[in-house]
Amino acid sequence: MEVKRININDLTPGMLVADNVYNSANQLIVPRDVVLTDKAITRMRFHSISSARVYVSDENASPKPASAAAGKEAREVSFFEKLRGTEEFIAFNQDFEKSIPVFEQKLTAMLKGSADPDNDTLTGMVDDMFHSCRTGIQLFNLLHCMRNFDDVTFSHSINVSLICGVLGTWLGRDKAEIEVLMQCGIYHDVGKLLIPKAILDKPGKLSPEEYALIKTHTTQGYNVLKDRKLPREVKLAAMMHHERCDGSGYPFGIRDSKIDPFAKMVAIVDVYDAMTSARVYRGPMCPFKVIDIFENEGLQKYDTHYIMTFLENIVNTYMLNRVKLNDGRVGDVVFVNRASLARPTIKCANEFIDLSAEPGLYIEAII
Ligand SMILES: [Fe+2]
C-alpha cells in the first residue's frame, strides 16, 4: 500500500490517514491511522490545513477507504497523542526546534576552527529544557512525542544530553557530575560531523568499508575534542561510547573497568535514544519494546548498576498506566517483574496476565 498526499478538497470520509496532521501551532489535529470523517475534514479546514497524506491502494493509486476494524483501532487515542496536545509539549517542542540550528552552527564552527566550543550556550539550552520538565519520565514522554527530524545528529545529541541528565539523577550523582554527563551527551557524536552524510543517511545495508568508516567517528571525535577546554570525561565519552563491558564494542574492544564510567552511561542512553526516537523509516518504539530489546540483546554489555537503574526507573514509572497488548486487550500495569522488566503483570478486566509466563503476548503500546 502506498501513501499519497491528497488535497483537502479531494479528501473524503472513509480514507485512512497515514501521518499525524498538525496545525501551525504544532497541535495534533488528526492522528495517524484514523479513518477520516466529515467532522475530521471540517476540523482540518478550520485549521487551514491544505492537504493530508493518506493510504492508497497500489493498483490504481486511489485513496484507500479503511475497514471497520481499522477504524475501531484508530479511534483509540494513545497516551502520547494526548500529550502532544498539551501546552507543555508545545513549549518543549518549540525550544527543541530552536536549539537544533544553534547546535549545528556552534558545533560546525568548532570543527572548522581551533577555538574552544561555545559550551555555555550549548549547555544553557539543554539545561533550560531539562529543568522545564517536572520529572525525568515526563522528559522521556515529551521526547517520545517529538516529530521526525530530518537531522539525526544534532537532535540525537540534544536527546542524549537530556536523557543523560535523567540517568545521572536516577543514579544519585551530584550536580557537578550531572553537568559533565550532560556535556558528554552534547559532544559524544561530534565525530559524525566528519563522516560523509551520504554514508550516515544511507537507507540500505552498509558495506564493510562504509561501516568501518562510521566507526571512526569515535576516534575522530576524540581528536577534535582532545585539545579543547572541556572536561576529560567528555573527551573519553566521545572515544568510548561504543565500547561494551563484554568487550564486543569498538574502537578498541576494551572491557569493564577500562571503560570510563561516563562513557558507560552515555552508551546506554545512546542506544535507548536511537531506538525510541522517531526515524524516517519508522515511528518511535514503545518503551517496553526497547526494554525487551535491551534484555534480549544482553544486559552484560552494559554496566549492571547503570542499566538496571535506568530500566527499572522507566518501567516503574509506567506502573498503573494503561497499556494495550498485541492481542488487542487493554489493561493496567499492576506488578513489575524484576527478572523480566519488559513483561510486567497486567490486569485486564478481572484477569491478571503475567506476561513473563506468556511468551506470545507483549505490550504493544502505552495508551
Ligand atoms: Fe556514536
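Residues numbered from 1 in each chain as written. Predicted model: local features only at pLDDT ≥ 70, side-chain atom pairs only at ≥ 80, totals over all residues.

What follows concerns the overall build of the protein chain. Across its full length, the protein chain holds 15 helices and nine strands. Classification of the 367 residues of the protein chain by burial places 36% in the buried group. Counting contacts in the protein chain only where the partners sit at least 6 residues apart, residues at least 24 apart contribute 62% of the total. (Helix = DSSP H or I, 4+ residues; strand = E, 2+ residues; numbered from the N terminus. Buried ≥ 20, exposed ≤ 12 C-beta atoms within 10 Å, placed from the backbone. Contact = placed C-beta atoms within 7 Å.)

With an omega of 10°, the peptide bond running from Tyr250 to Pro251 counts as cis. Within the secondary structure, Pro251 is located in the loop between helix H12 (232–240) and helix H13 (261–276). The residue Ala349 is not glycine, and still its phi comes out positive at about 50°. Within the secondary structure, Ala349 is located in the loop between strand S7 (345–348) and strand S8 (351–354). A residue is classified by how many C-beta atoms lie within 10 Å of it, and Ala349, with 7 of them, is exposed.

Note that Asp354 resides in strand S8. Of the residues examined, Asp354 has 14 C-beta atoms within 10 Å and is grouped as partly exposed. Sequence separation of Asp354 and Val333 is 21 residues, and the distance between their C-alpha atoms is 10.0 Å.

Generally speaking, nonpolar side chains in soluble globular proteins are found buried as a group. Ranked by internal contacts, the top residues of the largest apolar core, which has 72 residues, are Cys164, Val266 and Ile268. Tallying contributions element by element places H13 first for this core, with nine residues. Two domains share this core, each providing at least three of its residues, namely domain 2 (87–285) and domain 3 (319–366). Sequence-distant contacts of Cys164, that is, excluding residues within four places in its chain, are made with Leu181, Met182, Cys184, Gly185, Met265, Val266 and Val269. Of all hydrophobic cores here, the second largest spans 14 residues; its members include Met15, Leu16, Val21 and Met44. (Core = buried A, V, L, I, M, F, W, Y, C linked by C-beta atoms within 7 Å. Domains from an automatic or database assignment.)

So, about the packing of helix H14 (residues 287–297) against helix H15 (residues 304–317). At their nearest, the axes of H14 and H15 sit 11 Å apart, and the two run at 155° to each other. Relative to H15, the element H14 lies roughly antiparallel. Where H14 crosses over H15, the handedness of that crossing is left-handed. On H15, the residues that touch Pro287, Ile291 and Phe294 of H14 are Ile307, Leu311, Ile314 and Val315. Residue composition of the contact of H14 with H15, by class: seven nonpolar, no polar and no charged. (Axes fitted to C-alpha atoms, helices over the stretch in contact; angles between N-to-C directions. Parallel < 35°, antiparallel > 145°, perpendicular 65-115°, else oblique. Left-handed = near helix turned anticlockwise from the far one by under 90°. Nonpolar A, V, L, I, M, F, W, Y, C, P; charged D, E, K, R; others polar.)

With respect to the secondary-structure elements, Leu355 resides in the loop between S8 and strand S9 (363–366). With 19 residues separating them in the primary sequence, Leu355 and Val336 have C-alpha atoms 10.0 Å apart.

The antiparallel open sheet is built from five strands, whose spatial order is S8-S7-S6-S5-S9. Each having just a single partner strand, S8 and S9 make up the two edges of the open sheet. Averaged over neighbouring strand pairs, the angle between their axes works out to 40° when direction is ignored. Summarising the sheet, strand S5 (residues 322–325) and S9 pair through three bridges and their orientation is antiparallel. Across the sheet, the residue bridging to Leu325 is Ile363, located in S9. (Pairing = 2+ DSSP bridges.)

Right, let's get into H14. For H14, the set of buried residues is Pro287, Phe288, Val290, Ile291 and Phe294. Projected down its long axis, H14 carries its buried residues within an arc of 160°, all on one side. Exposed residues pointing more than 90 degrees away from the buried face of H14 are listed as Asn296 and Glu297. Buried residues belonging to H14 abut H13, H15 and S9. A positive phi of about 120° marks Gly298, the residue just after H14. (Arc of directions from axis to C-beta.)

All right, on to the environment of Ile259 then. Within the secondary structure, Ile259 is located in the loop between H12 and H13. Separated by 17 residues in the primary sequence, Ile259 and His242 place their C-alpha atoms 10.0 Å from one another. Leaving out residues up to four positions away in the same chain, Ile259 has contacts with Met240, Glu243, Cys245, Ile254 and Lys264.

Attention now goes to the pairing of S8. Consecutive side chains of a regular strand alternate in pointing toward one face of the sheet and then the other. Judged from the four bridges that link them, S7 and S8 form a sheet pairing that is antiparallel. Note that in S8 the partner of Ile346 across the bridge is Ile353.

Where helix H5 (residues 119–132) contacts helix H8 (residues 175–187), the axes come no closer than 10 Å and their chain directions differ by 110°. Between H5 and H8, the angle falls in the class roughly perpendicular. Together, Leu122, Thr123 and Val126 of H5 and Met182, Gln183 and Ile186 of H8 make up the contact between the two elements. Tallied by class, residues from the contact of H5 with H8 come to four nonpolar, two polar and no charged.

On to the confidence of the model for the protein chain, then. Averaged over all residues, the pLDDT of the protein chain is 84; the fraction at 70 or higher stands at 89%. The least confident element of the protein chain, judged by mean pLDDT, is helix H2 (residues 68–74) at 39; the most confident is H12 at 98. pLDDT under 50 marks residues 59–76. Its contacts with residues more than four places away, or in other chains, come to 29 contacts. (pLDDT = per-residue confidence, 0-100.)

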